[in-house]
Amino acid sequence: MPSHLRFQSKPWATHHVVSRCLQGFAFLKPTRQVRAITKGVLGYTINKYQERVQIHHYVFLSNHFHLLISAESSRALAEFMCVFKGNLARELGIIHDWHGTLWQKRYSSEEILDEAGFIEIFKYITQNSVKEGLVDHPKDWMGLHGYHQ
């Protein structure tokens, strides 16, 4: 089945991006090593695309992650996600002794159209670890979480 085309209505649009691990496997379970790798790969990719992409918020749960991200163009977002997910999969594959894809499918991206939508998604990402029943408060999540920033 062909993939749908990515679309961005204007330059520097903001997106809610979600990507899930293959079959719900916990490749992102927040161990010290996984946190360090994820933080390093995210930092590297943000630095590489700093002129074309800006991260507003994020959370990495055990089997998926959410990003609230603005991109200069749909191409910039696609390139950022390709580099980020590719490098993260390579590094996590080594520590989990996993050969093959780590990701369920392509990331999903929903453009945020207004300030109310931005605030709603920001709150959703902040509360995601609580919603999933993992912790009582976002500050308690051991994984990477924009709340700690």
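Rules used in this analysis
- Position numbers for residues start from 1 in each chain and track the written sequence from start to end.
- Local features in this predicted model are restricted to residues of pLDDT 70 or higher, and side-chain atom pairs are both shown and tallied only at a pLDDT of 80 or more, whereas totals for entire chains, interfaces and linings draw on every residue.
- Hydrogen atoms and water are omitted, and side-chain values are computed over all heavy atoms in the structure.
- A cavity here means a set of points on a 1 Å grid, drawn over the protein atoms and nothing else, where a 1.4 Å probe fits but cannot get out; a pocket is an open set with protein on both sides within 12 Å along at least five of seven lines, and a residue lines either one if it has an atom within 4 Å of a point.
- Grid points are joined across faces, edges and corners, and a volume is the space filled by probe spheres set on the points.
- Counting from the N terminus, the helices are DSSP H or I runs at least four residues long and the strands are E runs at least two residues long.
- Three classes are used: nonpolar for Ala, Val, Leu, Ile, Met, Phe, Trp, Tyr, Cys and Pro, charged for Asp, Glu, Lys and Arg, and polar for all others, with Gly counted as polar.
- The nonpolar core is taken to be a set of buried Ala, Val, Leu, Ile, Met, Phe, Trp, Tyr and Cys residues, with the residues joined through side-chain atoms within 4.5 Å.
- Relative accessibility under 20% of the residue-type maximum defines a buried residue, over 50% an exposed one, and the middle range a partly exposed one, all with a 1.4 Å probe and only protein chains included.
- Multiplying one less than the number of residues by 1.5 Å gives the expected span of a helix.
- In this description, contact between two residues means that some pair of their heavy atoms is separated by no more than 4.5 Å.
- Strands are treated as partners if at least two bridges between them are detected by DSSP.
- Only C-alpha atoms enter the line fits that serve as axes; for helices the fit covers just the stretch in contact. Angles between N-to-C directions range over 0 to 180 degrees.

Asker: An account of empty space enclosed by the protein is requested, with residue identities and associated values reported.
Answerer: Under the defined criterion, the tally for this structure stands at one cavity of 30 Å³ or more. Residue lining of the largest cavity: Leu28, Pro30, Val34, Arg35, Thr38, Phe60, Gly143 and Leu144, and that is the complete set. Counting residues per element, the lining of the largest cavity draws most heavily on helix H1 (residues 32–48), which supplies three residues. The residue inventory of the lining of the largest cavity, partitioned by class, reads five nonpolar, two polar and one charged.

Asker: A description of the nonpolar core should follow, citing residues and the corresponding values.
Answerer: A general trend in soluble globular proteins is that nonpolar side chains are found buried together. Among the nonpolar cores identified, the biggest contains 30 residues, and Phe60, Leu67 and Phe80 are the most heavily contacted of them. Looking at this core, the elements that each hand over two or more residues are H1, strand S2 (53–60), strand S3 (64–71) and helix H2 (74–96). Here this core takes nine residues from H2, the largest share from any one element. Within the second largest apolar cluster, eight residues are counted, among which are Val59, Leu61, Ile121 and Trp141.

Asker: Report on H2, specifying residues and quantitative values.
Answerer: Helix length check: H2 (23 residues) gives 32 Å between terminal C-alpha atoms against 33 Å at 1.5 Å per residue, within 8%. Those residues of H2 lying buried are Ala76, Leu77, Phe80, Met81, Val83, Phe84, Lys85, Leu88, Ala89, Leu92 and Gly93. In this fold, the buried residues of H2 make contact with strand S1 (13–20), H1, S2, S3 and strand S4 (108–112). Following H2 by one or two positions, Asp97 adopts a phi angle in the positive range, close to 50°.

Asker: Now, about the sheet that holds S3: what can you tell me, with residues and values included?
Answerer: Strand order in the open sheet formed by four strands is S2-S3-S1-S4, and the pairing between neighbours is antiparallel. Of all strands in the sheet, those bounded by a partner on one side alone are S2 and S4. The average angle at which neighbouring strand axes cross in this sheet is 20°, direction not considered. As defined by bridge partners, S1 adjoins S4 across five bridges and the pair is classed as antiparallel.

Remember that the coordinates give geometry; whether it matters functionally is a separate question.
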